[in-house]
Structure formats: C-alpha cells, structure tokens
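Descriptive structure summary
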Amino acid sequence: MPENLDRVRGRIAAAAAQCGRNAHSITIVAASKSQPSALIEAAARAGLEHFGESYLKEALEKIASLAAVPLTWHFIGRLQANKTRPVAETFSWVHSVDRLRLAQRLSAQRPYHAPPLNVCIEVSLAAEPGKAGAAPADVPALAAAVAELPRLKLRGLMCLPPEERALESQRRWFAELRGIFEDLNSAGAGLDTLSMGMSEDLEAAVLEGATLVRIGTALFGPRPPA
Ligand SMILES: *Cc1c(COP(=O)(O)O)cnc(C)c1O
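No experiment lies behind these values; they were computed from the predicted model shown. (Residues numbered from 1 in each chain as written. Predicted model: local features only at pLDDT ≥ 70, side-chain atom pairs only at ≥ 80, totals over all residues. Heavy atoms only, no water.)

Contacts to the ligand come from Ala 31, Lys 33, Ser 54, Ile 76, Leu 160, Met 198, Ser 199, Arg 214, Ile 215, Gly 216, Thr 217 and Arg 223. A distance of 2.8 Å is found between an oxygen atom of the ligand and a backbone nitrogen or oxygen belonging to Thr 217. For the ligand, the protein covers 89% of the area, taking 380 Å² as the surface of the free molecule. Its residues assigned to classes, the shell around the ligand shows 5 nonpolar, 4 polar and 3 charged. (Near = heavy atom within 4 Å. Polar contact = N/O pair within 3.5 Å; in protein donor to acceptor, adjacent residues only side chain to side chain. Areas by Shrake-Rupley, 256 points an atom, 1.4 Å probe, with all protein chains shown as cover. Nonpolar A, V, L, I, M, F, W, Y, C, P; charged D, E, K, R; others polar.)

It is worth spelling out the environment of Asp 201 at this point. Along the chain, Asp 201 turns up in the loop between strand E7 (193-195) and helix H8 (202-207). For Asp 201, a relative accessible area of 12% puts it in the buried group. Each C-alpha atom of the pair Asp 201 and Ala 166 lies 9.2 Å from the other, and the pair is 35 residues apart in sequence. Apart from residues lying up to four places away in sequence, Asp 201 is in contact with Gln 170 and Phe 174. Among the polar contacts made by the side chain of Asp 201, one reaches the main-chain amide nitrogen of Met 198 at a distance of 2.6 Å. (Helix = DSSP H or I, 4+ residues; strand = E, 2+ residues; numbered from the N terminus. Buried < 20%, exposed > 50% of the residue type's maximum accessible area, 1.4 Å probe, protein only. Contact = heavy atoms within 4.5 Å.)

With that out of the way, let us pick up the environment of Gln 109. Among the structural elements, Gln 109 can be located in helix H5 (residues 100-109). A relative accessible area of 11% means that Gln 109 is categorised as buried. Along the sequence, Gln 109 and Leu 177 sit 68 residues apart, while their C-alpha atoms lie 29 Å from each other. Those residues within four positions of Gln 109 in sequence are excluded, and the remaining contacts are Thr 84, Arg 85, Ala 88 and Glu 89.

Glancing now at the pairing of strand E1 (residues 27-31). The element E1 is largely enclosed, with a buried count of 4 among its 5 residues. Pairing analysis gives 4 bridges linking E1 to strand E8 (residues 212-215), with the strands arranged parallel. Along E8, the bridge assignment pairs Ile 28 with Val 213. Bridge count between E1 and strand E2 (residues 50-53): 3 bridges; the pairing is parallel. (Pairing = 2+ DSSP bridges.)

Turning our eyes to something else, we now look at helix H7 (residues 167-186). Turn by turn, an α-helix covers 3.6 residues, leaving residues three or four places apart pointing in a common direction. In a regular helix each residue adds 1.5 Å, so 20 residues correspond to 28 Å; H7 covers 28 Å between its end C-alpha atoms and thus fits that length. For H7, the complete set of buried residues consists of Ser 169, Gln 170, Trp 173, Phe 174, Leu 177, Ile 180, Phe 181 and Leu 184. Summarising the axial view, the buried residues of H7 lie within an arc of 145°, below the 170-degree limit, and thus occupy one face. Exposed residues lying more than 90 degrees from the buried face of H7 are Arg 172, Asp 183 and Ser 186. Tucked into the core, H7 has its buried residues touching strand E5 (117-123), helix H6 (139-147), strand E6 (152-159), E7 and H8. Gly 188 lies just past H7 and shows a positive phi near 95°. (Expected span 1.5 Å × (residues − 1). Arc of directions from axis to C-beta.)

Next up, the structure:
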C-alpha cells in the first residue's frame, strides 16, 4: 500500500509539474469498493483520508466497522432515489447527483447536526445509453437548482468518461467537463471541485484541471471478485 500510494503521488506530481500546477491542490479519493475494511485501514495508516464507495450496503457495513478511524467518506456510485437517506446520514460527499429529485431528497434527509452535504453533479459527456449523469445541456439549470437547496453544498462536477487509451483522447473528455465547469463559474457558481480521473487516466485528468482524482486499482491492486 505505501509503495502504491507513493507511485500514485508520483504520477500526480509529474502531471502537475508538466502543467505548472501545485500537486497539493489535487486530492486523492481512494476508490475502495470491493476492498475489505482491513485494507482501508492500511490505506489510512499510509496517509489517505478520503475514501470513495460505490455500493451502498457494502459501504455502510465498512463505514460502521471503521467508525473509530477518522475518515472522510465519498459516495461515488449510482444512487437510487429510494436509498438516499443512509447516504445523507453517513457520507460527507456525494459525487453522483444527476437529477434534482436526488438532490432534493439528500437535502431534506441531511441531519441538522451535520454540516451541509458536499455534492458534485455527475455529467454524462458521451450520452452513452444506460450511463448515469446529467446531459451537458441540462447542467446549468440543475446546478442552479441544487445550489438553492439548504442542506447541500454544491462543490463541482464529476464525470466517468468512456474508456480511452490515448492520452489525447482521454484529455478531450476531461477538457469538456472543465469547459462546463468554467462556464458555470463565469456565471458566478463559485465551484471548486472537478472530480475526474481514475487509475488509468489520472494524468490526463490532472492536465485538464482535476482537483480530485478517484483511484482504486492503482492503490489497492485488482478488486477481489464480488
Ligand atoms: C471504481 C471507481 C473508480 C476507480 O477506478 P480504478 O480504475 O480502479 O481506479 C473511480 N470512480 C468511480 C465512480 C468508480 O466506481
């Protein structure tokens, strides 16, 4: 784990240096789906604080078992409207808000003693059938509506673009999300988070301005079979 983390940090630092960014402006969220609590604990000991989970039932069990460890939990998976309550009660961040109804429920269900829930709007850049995410054209109105909700804090945008092998092809998708992000900020949205980049494409994401990368296999190795 420490070796993997060093390697990921080195990749981020190299990409950041290449475009004149400060590597410290990029947060690593360890995508720990399918990984056991013991491995998450080892990752925390190695210096990671942010963990991203994708499957709610599994996530809630692990979060409960790790309650003694001070970690920040991000929900990065697909969210069903009838499962928002435990997410609103347990997580600090949700990266996969792609429709207003989800956001409204999360806001209504966020406990009053907790700080506002940080959210990103997930954008579907390629209009792939069956894929989660708001259409780019719908993002400005959705962002404006989400920003009005009292118990949420809209932080930025997230994407899971189609898999591409070439750096330039990877960069094109991330540049598109960055464009939407910059348009929103030009209109006064005040967003600070671009959640993009995974194990295979983190360099492209950093070059296009990612502030948060979600890294699974490069940190933990291959995911165990479900
Ligand atoms: C699993 C997952 C990741 C990490 O993927 P790796 O390729 O293992 O780094 C990032 N984001 C989301 C939404 C995921 O589900």
